Amino acid sequence: MSNVAYKSNLEPKRIHTEQTEEQKQILVKRKRVTTGEKIIVAIAIVVVAVIAFQIIRVQASIYDVNQSVETTESKLSDQEKNNADLKVQANDLGRYERILQKAKEKGLKLDGDNVKVVDGK
């Protein structure tokens with residue numbers, strides 16, 4: 001029995017050494033890069049460079065559009081503020097008391113029989 005156990009210990013070592021020799025031989029055979037592989041790698045690098053350039057160009061155009069949108073929104077908010085100020089001013093100038101005061105300054109008189117009501121809309 002000791003002889004069988006001894007043989008089983010030796011067999012895995014032989015198989016292991018044979019596998020490493022085969023692996024070394026495969027690695028030794030593959031040393032050169034072929035011309036076709038070089039062309040494929042060069043084409044892949046060019047394609048990646050072109051795609052990267054396109055991505056950067058699109059991002060730059062998106063940035064420009066975002067800047068113009070922000071500028072337009074800023075102008076819009078300024079114009080809305082200006083419109084609100086003008087509405088307040090128009091309401092202030094259109095008060096009945098102010099119109100009556102200006103009319104009296106110009107020499108006009110309020111005659112109740114001669115007043116016509118006009119809808120303001």
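Owing to the predicted nature of the structure, the values given are computational and were not obtained by experimental measurement.

Visitor: Help me understand the layout of surface pockets in this model?
Guide: Think of a ball as big as a water molecule: rolled over the atoms, this probe shows where empty space is left. Empty space within the largest pocket amounts to approximately 220 Å³. Along its surface, the largest pocket is lined by Tyr96, Ile99, Leu100, Ala103, Lys104, Leu108, Lys109, Leu110, Asp111, Asn114 and Val115. Classifying every residue of the lining of the largest pocket by side-chain character gives seven nonpolar, one polar and three charged.

Visitor: What is the right way to look at the environment of Arg98 in this model?
Guide: Structurally, the position occupied by Arg98 is in helix H3 (residues 96-105). The class of Arg98 is partly exposed, set by a relative accessible area of 26%. Those residues in contact with Arg98 that sit more than four places away from it in its chain are Asp92 and Leu93. Separated by 3.4 Å, the side chain of Arg98 and the backbone oxygen of Leu93 make a polar contact.

Visitor: Help me understand a nonpolar patch on the surface, please; the structure alone is not making it clear to me.
Guide: Judged by side-chain polarity, Ile39, Ile43, Val47, Ile51 and Ile55 come together as a nonpolar surface patch covering roughly 450 Å² of accessible area. Note on placement: Ile39 falls in helix H2 (residues 35-93).

Visitor: I'm lost on the confidence of the model for the protein chain in this one. Help?
Guide: Low pLDDT marks regions whose predicted coordinates should not be analysed in detail. Per-chain confidence: the protein chain averages 82 in pLDDT, with 73% of residues scoring 70 or above. Element-level pLDDT for the protein chain is lowest in helix H1 (residues 2-29), with a mean of 54, against a maximum mean of 97 in H2.

Visitor: Even after reading the chapter, I still don't get the pattern of salt bridges, so can you show me in this structure?
Guide: When charged atoms on two side chains of opposite charge get close, those side chains can pair. By the definition in use, this model includes three salt bridges. Linking Arg95 and Asp92 is a salt bridge whose minimum nitrogen-to-oxygen distance equals 2.5 Å. A relative accessible area of 40% means that Arg95 is categorised as partly exposed. A salt bridge links Glu97 to Arg95; the nearest nitrogen and oxygen atoms lie 3.8 Å apart. For Glu97, a relative accessible area of 52% puts it in the exposed group. When salt bridges that share partners are traced, they join Asp92, Arg95 and Glu97 into one network.

Cut-offs applied
- Residues numbered from 1 in each chain as written.
- Predicted model: local features only at pLDDT ≥ 70, side-chain atom pairs only at ≥ 80, totals over all residues.
- Heavy atoms only, no water.
- 1 Å grid on protein atoms, 1.4 Å probe; cavity = no way out; pocket = protein on both sides within 12 Å on 5 of 7 lines; lining within 4 Å.
- Points joined across faces, edges and corners; volume = space filled by probe spheres on them.
- Nonpolar A, V, L, I, M, F, W, Y, C, P; charged D, E, K, R; others polar.
- Helix = DSSP H or I, 4+ residues; strand = E, 2+ residues; numbered from the N terminus.
- Buried < 20%, exposed > 50% of the residue type's maximum accessible area, 1.4 Å probe, protein only.
- Contact = heavy atoms within 4.5 Å.
- Polar contact = N/O pair within 3.5 Å; in protein donor to acceptor, adjacent residues only side chain to side chain.
- Patch = residues over 30% accessible without salt bridge, like charges linked within 9 Å, V, L, I, M, F, W, Y side chains within 5 Å.
- Areas by Shrake-Rupley, 256 points an atom, 1.4 Å probe, with all protein chains shown as cover.
- Salt bridge = Lys/Arg side-chain N within 4 Å of Asp/Glu carboxyl O.
- pLDDT = per-residue confidence, 0-100.

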